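Structural characterization, general
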Amino acid sequence: MNTKKILWICLAILGLGALVTVVIFSTEPEAQKEGATIETAILVDVLKVEKGTFTPTIVATGTVQAVEDINLSPLVSGQVIRRDPAFTPGGFVKKNQILLQIDPSDYRNTLALRNSELVQAQTTLDTEMGRQQIAEQDLQLIAGDSLFGDNPLSEEERQLILRQPQLNAVEATINAANASVEQARLNLQRTTIRAPFDAHILSQNVTQGSLVSQGDVLGRLVGSEYYWINATVPVGKLKWLSFPNNQNEKGAHVRIENETDWAKDSYREGYLDKQIGALYGQTRLARVLVKVDDPLATKKELEDQPKLMIGTFVEVNMQGDDIKDVVKLNRDYVRGNETVWVMKQEKLEIRKVDIVLTDDTHAYIRSGLDNNDQVIITDLSTVSEGIALRTAQDKEAK
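Below is a short write-up of the structure. Given the structure is predicted, the values throughout are model-derived calculations rather than measurements. Just so you know, the residues in each chain are numbered from 1, in the order the chain's sequence is written. It should be noted that, the model being predicted, local features are given only for residues of pLDDT at least 70 and side-chain atom pairs only at 80 or more, the latter also being counted only at that level, while totals for whole chains, interfaces and linings use all residues. Side-chain descriptors were evaluated using all non-hydrogen atoms of the structure, hydrogens and water having been removed beforehand.

Here we take up the packing of aromatic side chains. A pair of aromatic rings is counted whenever rings of Phe, Tyr or Trp (Trp by its six-membered ring) have centres within 6.5 Å, and the orientation is called stacked for planes under 30 degrees apart, edge-to-face for over 60 and tilted otherwise. Per the counting criterion, the structure on display carries zero aromatic pairs. Sitting above the plane of the Tyr267 ring, Arg255 keeps its charged end 3.7 Å from the centroid. Counted as over-ring charges are cases with an Arg CZ or a Lys NZ within 6 Å of the ring centre that also lie within 35 degrees of the ring normal. We note Lys291 situated over the ring of Tyr226; from NZ or CZ to the ring centre the distance is 3.8 Å.

Right, here's the structure in full:
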């Protein structure tokens, strides 16, 4: 009896639970639809573009190098008896300034000796000229009219009688003596070593008392009037750069920067000077030379400007020729395969564009964009032609 009672009690509990469950689900409130609709258009930012004339800036890197760079060597040997204090590493010298003086004593003596030899040769010439006159008089007395008769003397015989060979020999001796005097005078001048141009001294290898020989390296000098920056640019961008046609002209303006070594906002100015007619190594880039006047900032108006140092890597910003009737657009807004996203009638259009030139920051577009086109500047994860778009202004208007 107890077992049957327990079974009936369990069934009653289960039945009651099922009844409660049915009542709960049958009385659950239904969700009501709201009147608003879900906004599906993608929110983007746009930039309105206009065609115009723009000046591109072509950016490249280059190495500073000297235009005039020599190892100074003597043309005569001897002992250095004087050194100019400016001839020291870091010094500046002017053109024709005396840097070193080699002992000139031996060369003065040699010049005096050569001058005496020249005087002797001139004396011999005077003597020979007198002998020639006497020979000509004797010939006239002896030969008489035979010179003009049936058997006149030949020209060669006449020259021999008149001592013409002796005269030629003396004249040759005088020419050699003159050359020896000139060489001795030149060697004496070469004992004074001068700066060949306005220069900055990079190294100095001798001093007073040093013995030097022809060909020894006395020091290294670089011209201080101007430096070159040897830069590389893509061949396709050369047509947008202007180079001078002669030495009196200047090429396109160049701004030179060095963010690593120079103070913030510091820069130097130069201009395009030459285009080197050979590609640079395996990079297949073109080489151009940028000329910088007074690179060491020695003039008063440049005293606060940074100095260029040979071998330094710098950035050159070259002003290109004007490009007319183009749209200037930030490079970040040009998408893959030279396309641009445009918002038109609240729809996305993918436009293929013709890019004339791309510089470091912008693309210059000839066709594919028109005035007042709205370029999408927002990066989208999903892009397809014709998707709905909206801007913040559209949202506010609603």
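Right, let's get into the side chain of Asp273. Strands are runs of DSSP state E lasting at least two residues, helices are runs of H or I lasting at least four, and both sets are numbered from the N terminus onward. Here Asp273 lies in strand 15 (residues 268–280). Buried within the structure, Asp273 lacks any salt-bridge partner; Lys274 is the closest side chain of opposite charge, at an N-O distance of 4.4 Å. By definition in these notes, contact holds between two residues if any of their heavy atoms fall within 4.5 Å. With sequence-adjacent residues up to four places away left out, Asp273 is seen in contact with Trp228, Phe243, Pro244, Leu289 and Lys291. Burial here depends on accessible area, computed with a 1.4 Å probe over protein chains only, as a share of the maximum for the residue type. Under 20% is buried, over 50% is exposed, and the range in between is partly exposed. Neither His nor the chain ends contribute to the count of charged residues, in which Lys and Arg are positive and Asp and Glu negative. Think of a salt bridge as a Lys or Arg side-chain nitrogen and an Asp or Glu carboxyl oxygen that are within 4 Å of each other.

Time to look at the environment of Leu188. Tracing the chain through its elements places Leu188 in helix 4 (residues 164–190). A C-alpha to C-alpha distance of 9.4 Å links Leu188 and Asp103, two positions 85 residues apart in sequence. Look past the residues within four positions of Leu188 in its chain and what remains in contact with it is Pro104, Tyr107, Arg108 and Leu111.

Below, the discussion takes up the sheet that holds strand 3 (residues 51–54). With antiparallel pairing, four strands are arranged side by side in an open sheet as 3-18-22-21. Only two strands of the sheet have a single neighbouring strand rather than two, namely strand 3 and strand 21 (354–358). On average, each strand axis in the sheet is tilted by 55° relative to the strand beside it, whichever way the strands run. The rule for pairing is simple: two strands pair if DSSP sees at least two bridges between them. Bridge analysis of strand 3 against strand 18 (residues 323–330) gives three bridges, and the strand direction is antiparallel. By the bridge assignment, Lys51 is partnered in strand 18 with Val327. Note on geometry: axes are lines fitted to C-alpha atoms, helical ones only across the stretch in contact, with angles between N-to-C directions running from 0 to 180 degrees.

This part covers the sheet that holds strand 15. On the basis of which strands lie adjacent, the closed barrel formed by six strands has the order 4-13-16-15-14-17 and antiparallel pairing. Strand-to-strand twist of the sheet, defined as the mean angle between neighbouring strand axes without regard to direction, takes the value 45°. Judged from the seven bridges that link them, strand 4 (residues 57–66) and strand 17 (residues 313–319) form a sheet pairing that is antiparallel. Paired with Ile58 across the bridge in strand 17 is Met318.

This brings us to the side chain of Ser224. Secondary-structure assignment places Ser224 in the loop between strand 12 (219–223) and strand 13 (226–233). Contacts of Ser224, omitting those with residues within four sequence positions, involve Asp198, Ala199, His200, Asp294, Pro295 and Leu296.

This paragraph deals with the pattern of salt bridges. For the structure on display, the rule yields seven salt bridges. In this structure, Glu182 engages Arg185 in a salt bridge whose closest nitrogen and oxygen atoms are separated by 3.2 Å. Taken as a pair, Glu182 and Arg185 lie in helix 4 at a separation of three residues, close to a single helical turn. For Arg185, a relative accessible area of 31% corresponds to the partly exposed category. Here Arg351 and Asp373 are joined by a salt bridge, their closest N and O atoms 3.0 Å apart.

With that out of the way, let us pick up the nonpolar core. Soluble globular proteins tend to bury their nonpolar side chains together. Ranked by size, the top nonpolar core spans 30 residues in total, and within it Ile229, Ile256, Leu272, Val316 and Met318 carry the most contacts. Secondary structure elements with two or more residues in this core: strand 4, strand 13, strand 14 (253–257), strand 16 (285–293), strand 17 and strand 18. If we skip the residues at most four places from it in the chain, Met318 touches Pro56, Thr57, Ile58, Ala60, Val233, Leu241, His253, Val254, Leu272 and Val288. Nonpolar cores are built from buried Ala, Val, Leu, Ile, Met, Phe, Trp, Tyr and Cys residues. Side-chain atoms within 4.5 Å join them into one set. Grouped together as the second largest cluster of nonpolar side chains are 28 residues, Leu72, Phe87, Val181 and Ala195 included.

Among the five residues of strand 8 (residues 98–102), four are classified as buried, and the element is accordingly described as predominantly covered. Note: strand 6 (residues 78–83) against strand 8, three bridges, orientation antiparallel. Considered in strand 8, the bridge of Arg82 is made with Gln101. With three bridges joining them, strand 8 and strand 9 (residues 192–194) adopt antiparallel strand pairing. The partner of Ile98 across the bridge, within strand 9, is Arg194.

Attention shifts here to a negative patch on the surface. Only residues whose relative accessible area exceeds 30% and that form no salt bridge are eligible for patches; like-charged ones are grouped when within 9 Å, while nonpolar side chains (Val, Leu, Ile, Met, Phe, Trp, Tyr) are grouped when within 5 Å. Per-residue accessibility takes into account occlusion by the displayed protein chains alone, with areas from the Shrake-Rupley method and a 1.4 Å probe. All charge positions are set by atom: Lys at NZ, Arg at CZ, Asp at CG, Glu at CD. Together, Glu68, Asp198, Glu225 and Asp293 make up a negatively charged patch on the protein surface. Counting through the fold element by element, Glu225 comes out in the loop between strand 12 and strand 13.

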